[in-house]
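Inside the fold
Next come the chains, spelled out residue by residue.
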Amino acid sequence: MTDISDQLNELATTAPPGLAEKVLVATGAGRFYDTVAGPTGDLVVGWSRRGVYGLAPADELDDFVARHPRAAPPVHAELPPQLRSRLERAFASGKLGSLRVDLSELTDFQQAVLRKATEIPPGQLRPYGWIAREIGKPGATRAVGTALNKNPVPVLIPCHRVGRSDGSVGRYAYGEEMKRDLLRHEGLDPDSVDEAAQRGVRYIGSATTNIFCHPTCHHARRIQEENRVELSSAASAAAAGFRACRACRPPVAA
Amino acid sequence: MATTGLTERLATDLDAAFPELVLTFQHRIYSGVRSFVGGVDAEDVTQEAFIRAHRALHSYDRDRITALRLSPWLWTIALNLCRNWARSRSRRPQTVELHVDRAGADSAEDAAVEAAMLASWRRRLEALSEAQRTAVVLRHVVGMSYQDIAQATNRPLGTVKADVSRGLRALRTIIDQEGSP
């Protein structure tokens with residue numbers, strides 16, 4: 001009988017490619033990925049029923065799939081039309097809008113950091129310390145930097161709008177050039193940001209309103225040239241009689 | 001693939017763990033289903049089995065999921081679908097199986113050889129009783145334990161063992177008769 005059982009064993013085969021994918025698409029279970037045109041280049045986007053769980057430059061696709069193994073690697077599927085239009089709207093506006101992002105696997109701290117980053121308007125830059133202060137962890141500047149560096153959904157959650165404490169653009173998980181491109185796309189010139197930071201400018205005050213802002217705050221950018229006061233610290237701003245802008249909330253000197 | 005803790009993961013987060021279930025069992029389910037229904041419909045039947053499994057898991061509570069033995073449980077679903085398939089086939093005209101191009105096969109020739117082998121084995125298996133056919137396929141194509149087969153088919157262990165050995169003997173007789181004019 002051995003020969004028969006051996007022959008029967010040869011009927012064991014592999015499932016046709018794509019079977020698992022069809023099952024997962026039909027059930028909506030699991031994680032999927034596809035590529036999409038982002039604001040400054042093609043991106044690979046990962047989603048599940050819970051929302052977008054990951055985003056990366058499209059040339060990092062292999063790495064992206066490998067980085068999200070969990071129970072099983074994500075499955076390539078076609079981006080659903082509704083999700084596609086929400087992504088396009090988010091890329092165009094620089095805001096999440098009705099797009100859901102799934103941060104459920106991150107710690108509360110990481111989630112708080114990333115949610116706070118979404119409050120930074122497009123084309124503006126805040127230092128790491130601003131996020132730390134805003135989420136009530138003023139001493140956690142370094143941890144904020146780490147959380148932003150591990151942002152699973154860059155571009156959508158705009159960690160590119162967070163820079164160094166000296167006001168410069170700083171580094172980016174996918175390279176400084178991508179960060180600068182994203183900011184440029186939003187209408188902020190990264191070179192002039194770095195140039196001002198290098199001159200020691202941390203804040204801009206208005207001689208007419210006596211309010212001081214982060215240099216990229218839209219209030220600061222509206223100040224007329226003759227009324228612009230460059231400030232090197234929150235303490236010197238306070239000493240000169242400026243109060244902090246309520247929109248961009250620079251630190252209040254102790 | 002190790003399935004340790006898979007029921008636990010399914011109970012904790014069904015949608016996150018479900019792909020692992022599909023990837024773990026798809027080849028075995030497909031192989032067995034193909035032996036019952038042939039190459040044309042095997043993919044559809046296998047897909048449907050997993051979709052029903054997902055629906056069922058969705059409706060189960062945590063304790064029920066963690067208590068599952070996944071392989072026999074999946075097979076109760078798949079066997080049910082294979083039976084439905086056989087029933088609906090008997091009500092519609094028979095079609096000749098010409099479906100040979102499987103993406104898994106290396107060449108058209110290999111595919112044709114494989115299709116011919118599958119067709120002749122399915123003809124032999126069809127000659128067995130349903131119980132023997134099921135037991136033989138689950139044991140020798142899918143590679144399940146007698147225990148799991150007993151659970152999947154809801155039959156006593158001893159009966160399953162007897163079904164397998166009688167089924168193999170019957171297949172031997174069928175093959176011997178094929179050789180004689």
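Bear in mind that the values here come from a model prediction, so they are computed numbers and not experimental data.

**Some remarks on the overall build of chain A**
Counting secondary structure elements, chain A contains 11 helices and 10 strands. For 254 residues, the compact-globule estimate of 2.2 N^0.38 gives 18 Å, and chain A exceeds it by more than 25% at 23 Å.

**With respect to the overall build of chain B**
Of the regular secondary structure elements, chain B holds 9 helices and 0 strands. Order of helices (α) and strands (β) in chain B, N terminus to C terminus: α-α-α-α-α-α-α-α-α. Here the analysis covers contacts within chain B between residues at least 6 apart in sequence; of these, 65% occur between residues at least 24 apart.

**Some thoughts on the environment of Glu 114 of chain B**
For Glu 114 of chain B, the position within the fold is in helix H6 (residues 108-126). Glu 114 of chain B sits 45 residues away from Thr 159 of chain B along the chain, and the two C-alpha atoms are 32 Å apart.

**Regarding the interface of chain B and chain A**
The partner chain A presents 27 residues to the 33 residues of chain B that form the contact. At the level of secondary structure, the elements contributing two or more residues to the side of chain B that touches chain A comprise helix H2 (14-37), helix H3 (42-59), H6, helix H7 (130-142) and helix H9 (157-179) of chain B. For the side of chain B that touches chain A, the element with the most residues is H2 of chain B, which contributes 15 residues. Residues belonging to the side of chain B that touches chain A are distributed by class as follows: 17 nonpolar, 9 polar and 7 charged.

**Regarding helix H5 (residues 108-117) of chain A**
Buried residues of H5 of chain A: Ala 112, Val 113, Leu 114, Lys 116 and Ala 117 of chain A, and no others. Lining the buried residues of H5 of chain A we find helix H6 (128-134), helix H7 (141-149) and strand E6 (162-163) of chain A.

**Quick notes on the nonpolar core**
Counting residues in hydrophobic clusters, the biggest one holds 93 residues, and the most contacted among them are Ala 117 of chain A together with Val 33 and Ala 78 of chain B. Looking at this core element by element, the count peaks at 11 residues for H2 of chain B. Those residues in contact with Ala 78 of chain B that sit more than four places away from it in its chain are Ile 29, Gly 32, Val 33 and Ala 49 of chain B.

**Quick word on the sheet that holds strand E9 (residues 228-231) of chain A**
Residues and elements named next belong to chain A. With mixed pairing, the 4 strands of this open sheet are ordered in space as E9-E7-E8-E10. At either margin of the open sheet sits one strand with a lone partner, and together these are E9 and strand E10 (243-244). As defined by bridge partners, strand E7 (residues 203-206) adjoins E9 across 4 bridges and the pair is classed as antiparallel. Counterpart to Ile 204 in the pairing with E9 is Glu 230.

**What to know about the sheet that holds strand E2 (residues 42-48) of chain A**
Residue and element names in this part refer to chain A. With mixed pairing, the 4 strands of this open sheet are ordered in space as E3-E2-E1-E4. Every other strand in the sheet has two partners, leaving strand E3 (51-57) and strand E4 (75-76) as the edge strands with one partner each. Relative to E2, strand E1 (residues 32-37) runs antiparallel, the two sharing 6 bridges. Within the sheet, the bridge partner assigned to Ala 37 lies in E2 and is Asp 42.

**A closer look at unusual backbone geometry**
Among all residues except glycine, the phi angle is most often negative; among peptide bonds, the trans geometry is most common. Even without being a glycine, Asn 210 of chain A presents a positive backbone phi close to 60°. Mapped onto the fold, Asn 210 of chain A is located in the loop between E7 and strand E8 (211-213). In the Ramachandran plot, Asn 154 of chain B falls in the positive-phi region, its phi being about 55° despite a non-glycine side chain. If you trace the backbone, Asn 154 of chain B turns up in the loop between helix H8 (146-153) and H9.

**Topic: the pairing of E2 of chain A**
Residue and element names in this part refer to chain A. Counting buried residues along E2, 6 of its 7 residues qualify, which places the element largely inside the surrounding structure. Two successive antiparallel strands, E1 and E2, enclose a turn made up of 4 residues, where Gly 41 displays a positive phi of approximately 155°. As paired elements, E2 and E3 share 6 bridges and run antiparallel to each other. Note on E3: the bridge partner recorded for Val 44 is Ala 56. Connecting E2 to the antiparallel partner E3 that follows it, the hairpin turn spans 2 residues.

**So, H9 of chain B**
Taking 1.5 Å of rise per residue, the 23 residues of H9 of chain B would be expected to cover 33 Å, and the 34 Å separating its terminal C-alpha atoms lies within 8% of that figure. For H9 of chain B, the set of buried residues is Val 160, Asp 163, Val 164, Gly 167, Leu 168 and Leu 171 of chain B.

**Notes on the packing of H5 of chain A against H7 of chain A**
Residue and element names in this part refer to chain A. Remark: H5 packs on H7, axes separated minimally by 9 Å, with the N-to-C direction vectors making an angle of 80°. Our classification of the angle between H5 and H7 gives roughly perpendicular. Seen from H5, the contacting residues are Phe 109, Gln 110, Val 113, Leu 114 and Ala 117; seen from H7, they are Ala 143, Val 144, Ala 147 and Leu 148. Looking at the contact of H5 with H7 residue by residue, the classes come out as 8 nonpolar, 1 polar and no charged.

**Describing the environment of Thr 208 of chain A**
Residue and element names in this part refer to chain A. Note that Thr 208 resides in the loop between E7 and E8. The class of Thr 208 is exposed, set by 10 C-beta atoms lying within 10 Å. Here the alpha-carbon distance between Thr 208 and Asp 189, two residues 19 residues apart in the chain, equals 26 Å.

What counts, and at which threshold
- Chains are numbered independently. Their residues run from 1 in the order of the written sequence.
- Each chain takes a letter, starting from A, and each ligand takes a number, starting from 1, following the order in which they are written.
- Confidence filtering applies because this is a predicted model: local features only for residues at pLDDT of at least 70, side-chain atom pairs given and counted only at 80 or more, and all residues used for totals across whole chains, interfaces and linings.
- Only runs of H or I of at least four residues qualify as helices and only runs of E of at least two qualify as strands under DSSP, and these elements are numbered from the N terminus.
- Atoms considered for the radius of gyration are the C-alpha atoms alone. The globule rule reads 2.2 Å times the number of residues to the power 0.38.
- Placing a C-beta atom from the backbone of each residue, one calls two residues in contact when those atoms lie within 7 Å.
- Under the scheme applied, nonpolar residues are Ala, Val, Leu, Ile, Met, Phe, Trp, Tyr, Cys and Pro; charged residues are Asp, Glu, Lys and Arg; polar residues are all the others, including Gly.
- Exposure classification rests on a simple neighbour count of other C-beta atoms within 10 Å of a residue's own: a residue reaching 20 or more is buried, one at 12 or fewer is exposed, and one in between is partly exposed. C-beta atoms are placed from the backbone.
- Think of a nonpolar core as buried Ala, Val, Leu, Ile, Met, Phe, Trp, Tyr and Cys residues chained together by C-beta atoms that fall within 7 Å.
- Being paired, for any two strands, means DSSP has found at least two bridges between them.
- Expected helix span is given by 1.5 Å per residue-to-residue step, counting one fewer step than there are residues.
- Structural elements are reduced to axes, namely lines fitted to C-alpha atoms, with helices fitted over the stretch in contact, and the angle between N-to-C directions of any two is expressed from 0 to 180 degrees.
- With respect to orientation, any angle under 35 degrees is reported as roughly parallel, any angle over 145 as roughly antiparallel, any angle of 65 to 115 as roughly perpendicular, and every other angle as oblique.

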